[in-house]
Amino acid sequence: MDHAEHGQHAEHGGGSNDKGQQHPLGIYFKIWGLLFVLSAASYMVDYAQVQGLLRWSLIIIFMLLKAGLIVAVFMHMVWERLALVYAILVPPLLLITLIGIGALEADYTFLSRSEFFAPVVELKTSANH
């Protein structure tokens, strides 16, 4: 391609960038459907009266899946550069990790204090009765 053709090609923008980047609507409908299914599964945990650690684990898993889908597709993170994804996702993940470590240390401190600083219970003897 000579310079004249290259100039004409660059002038028209190559044809693919005229409208900007658009995503097909089908992907959004699929994600909406998947979010509906995940929400229904989350409600089924309550409906089935699942209790204990399994209940909270399932609710948190469904919540994180829904949040991840929303961030990835509706906030267009799946189509961004990896550096931008890291810049947005790594700080909150690091913060959650540090909060978790702090919570574990707080629990350890609370248990240690209750072990060593527990109130002394006086034993009643038969002479005091």
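Remember, it's a predicted structure, so these values are computed and weren't measured experimentally. (Residues numbered from 1 in each chain as written. Predicted model: local features only at pLDDT ≥ 70, side-chain atom pairs only at ≥ 80, totals over all residues. Heavy atoms only, no water.)

## Things to note about the overall build of the chain
Turning to step 1, where the next piece is worked out: Helix and strand content of the chain: four helices and zero strands.
Turning to step 2, where the next piece is worked out: Counted from the first residue to the last, the chain has its helices and strands arranged as α-α-α-α.
Turning to step 3, where the next piece is worked out: Buried residues in the chain amount to 12% of all 129 residues.
Turning to step 4, where the next piece is worked out: The contacts in the chain between residues at least 6 apart in sequence include a share of 58% that link residues at least 24 apart.
Turning to step 5, where the next piece is worked out: With the model as given, the accessible surface of the chain reaches about 11400 Å², and the carbon-plus-sulfur share is 68%. (Helix = DSSP H or I, 4+ residues; strand = E, 2+ residues; numbered from the N terminus. Buried < 20%, exposed > 50% of the residue type's maximum accessible area, 1.4 Å probe, protein only. Contact = heavy atoms within 4.5 Å. Areas by Shrake-Rupley, 256 points an atom, 1.4 Å probe, with all protein chains shown as cover.)

## Remarks on the nonpolar core
Turning to step 1, where the next piece is worked out: By size, the foremost hydrophobic cluster in this structure holds ten residues: Tyr28, Ile31, Leu35, Leu38, Val45, Val50, Ile59, Phe62, Leu69 and Val73.
Turning to step 2, where the next piece is worked out: For this core, the elements supplying multiple residues, two or more each, are helix H2 (25–47) and helix H3 (53–74).
Turning to step 3, where the next piece is worked out: Sort the elements by how many residues they give to this core and H2 lands first, with five residues. (Core = buried A, V, L, I, M, F, W, Y, C linked by side-chain atoms within 4.5 Å.)

## Observations concerning unusual backbone geometry
Turning to step 1, where the next piece is worked out: Here the phi dihedral of Gln49 falls at roughly 55°; this positive angle occurs in a residue that is not glycine.
Turning to step 2, where the next piece is worked out: Residue Gln49 is classed as exposed on the basis of its relative accessible area of 60%.
Turning to step 3, where the next piece is worked out: Positive phi values are uncommon outside glycine, yet His76 reaches one of about 60°.
Turning to step 4, where the next piece is worked out: Residue position: His76 is located in the loop between H3 and helix H4 (82–116).
Turning to step 5, where the next piece is worked out: The exposure class of His76 is partly exposed, given its relative accessible area of 31%.

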